Amino acid sequence: ASGRTYLPFGQKFFQTLGLTVVAADTDSLAVAYKDDDNPEDLTDAYLVDLRKHLKDEYNCHNPNALKMSVEKDKTFTPMLILAKKNYIGKKLDGEIAIYGLQAKKGNVPQWSAKISVDILERILSGEYTCEYFERYLWNRKIELEEGNIPLQDFFISSRLSKEVDEYESQLP
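About the cut-offs
- Residues numbered from 1 in each chain as written.
- Predicted model: local features only at pLDDT ≥ 70, side-chain atom pairs only at ≥ 80, totals over all residues.
- Heavy atoms only, no water.
- Pairing = 2+ DSSP bridges.
- Helix = DSSP H or I, 4+ residues; strand = E, 2+ residues; numbered from the N terminus.
- Axes fitted to C-alpha atoms, helices over the stretch in contact; angles between N-to-C directions.
- Phe/Tyr/Trp six-rings, centres within 6.5 Å; stacked < 30°, edge-to-face > 60°.
- Lys NZ or Arg CZ within 6 Å of the ring centre and 35° of its normal.
- Expected span 1.5 Å × (residues − 1).
- Buried < 20%, exposed > 50% of the residue type's maximum accessible area, 1.4 Å probe, protein only.
- Contact = heavy atoms within 4.5 Å.
- Core = buried A, V, L, I, M, F, W, Y, C linked by side-chain atoms within 4.5 Å.
- Patch = residues over 30% accessible without salt bridge, like charges linked within 9 Å, V, L, I, M, F, W, Y side chains within 5 Å.
- Areas by Shrake-Rupley, 256 points an atom, 1.4 Å probe, with all protein chains shown as cover.
- Salt bridge = Lys/Arg side-chain N within 4 Å of Asp/Glu carboxyl O.
- pLDDT = per-residue confidence, 0-100.

Caption draft 1: Seen up close, the sheet that holds strand β5 (residues 96–99). Here we have three strands laid out as an open sheet, ordered β3-β4-β5, and antiparallel in their pairing. Whereas interior strands pair on both sides, the edge strands pair on one side only; in this sheet they are β3 (76–83) and β5. Within this sheet the neighbouring strands show an average axis-to-axis angle of 10 degrees, counted without direction. Two elements, β3 and strand β4 (residues 86–91), share five bridges in a ladder whose sense is antiparallel. If you follow Leu-80 over to β4, its bridge partner there is Ile-88.

Below is the structure:
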């Protein structure tokens, strides 16, 4: 809960530096850096200043505040935020990280998950045009219509945590 309390102070800090806070959620901020900044240097340098800002600003308003750690979690270049807690980004080491997206969940057929991830990774690369994506999706449609996709790519497997008869019916 204290993370949520700190968010406005963190947002204010980055905004006074001329940076844009692109997302804020519960206990985290996503901040866009300027094109000429080195993202690794930026985050390390700003962490020190942010810790001081939070200590000065927040503790001034709440002297009995609990101590909270402020850390850099991930640095992406670029990052695509699709919805709250759903994003994909390319880490500085080149690894693609996907968080919260349906494509990564177990209740999505492998075929559609692969298409989703392929499209998102290509969007992140910045090397593909809208026309490319139209052709890509059209070709997936044709593969589907012609029956060229293995049936197991449409299976969704789930495991029950108890015996079937132990579940209570939700029907009226």
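Caption draft 2: Up close: the packing of aromatic side chains. Considering all chains together, one arrives at seven aromatic pairs under this definition. Here the aromatic residues Tyr-128, Tyr-132, Phe-133 and Tyr-136 are joined through ring pairs into a cluster of three or more. Its guanidinium or amino end placed over the ring of Tyr-99, Lys-74 lies 4.9 Å from that ring's centre, counting from NZ or CZ. The ring of Tyr-136 has Arg-140 lying over it, and the distance from NZ or CZ to the ring centre is 4.5 Å.

Caption draft 3: Broad picture of helix α3 (residues 110–125). Between its first and last C-alpha, α3 extends 22 Å over 16 residues, near the 22 Å set by a 1.5 Å rise per residue. Buried residues of α3: Trp-111, Ala-113, Ile-115, Val-117, Asp-118, Ile-119, Leu-120 and Leu-124, and no others. Each element contacted by the buried residues of α3 is listed here: β3, β4, β5 and α4 (130–145). Downstream of α3 by a residue or two, Gly-126 has a phi angle that is positive, lying close to 70 degrees.

Caption draft 4: Inspection of the nonpolar core at higher detail. Core analysis: the biggest nonpolar cluster contains 10 residues, these being Tyr-6, Phe-9, Phe-13, Phe-14, Leu-19, Val-21, Leu-47, Leu-50, Leu-54 and Val-70. Contributing elements (two or more residues each) for this core: α1 (2–16) and α2 (39–61). For this core, the element with the highest residue contribution is α1, accounting for four residues. Membership of the second largest hydrophobic core comes to seven residues, among which are Trp-111, Ile-115, Phe-133 and Tyr-136.

Caption draft 5: Geometry of a nonpolar patch on the surface. A cluster of nonpolar side chains, Val-22, Met-79 and Ile-81, forms an exposed patch at the surface whose accessible area comes to about 230 Å². In this fold, Val-22 is placed in strand β1 (residues 20–25). For Val-22, a relative accessible area of 49% corresponds to the partly exposed category.

Caption draft 6: Here's a closer look at the pairing of β1. Alignment of β1 against strand β2 (residues 28–32), held across five bridges, turns out to be antiparallel. In the strand pairing of β2, Val-21 is matched with Val-31. In this antiparallel pair of consecutive strands, β1 and β2, the connection spans two residues, and Thr-26 shows a positive phi of 55 degrees.

Caption draft 7: Seen up close, the confidence of the model for the chain. Mean pLDDT over the chain: 79, with 79% of residues reaching 70 or higher. Within the chain, α2 has the poorest average pLDDT of any element, 69, and α4 the best, 96.

Caption draft 8: Representation of the pattern of salt bridges. In the structure shown here, the tally under the stated rule is four salt bridges. The partner of Asp-118 in a salt bridge is Lys-114, with the nearest N and O atoms 2.8 Å apart. Of this pair, Asp-118 and Lys-114 both sit in helix α3, four residues apart, which is roughly one turn of the helix. The exposure class of Asp-118 is buried, given its relative accessible area of 17%. A salt bridge links Lys-141 to Glu-145, with the nearest nitrogen and oxygen atoms 2.9 Å apart. Remark: Glu-145 and Lys-141 occur in helix α4; sequence separation between them is four residues, near one turn of the helix.

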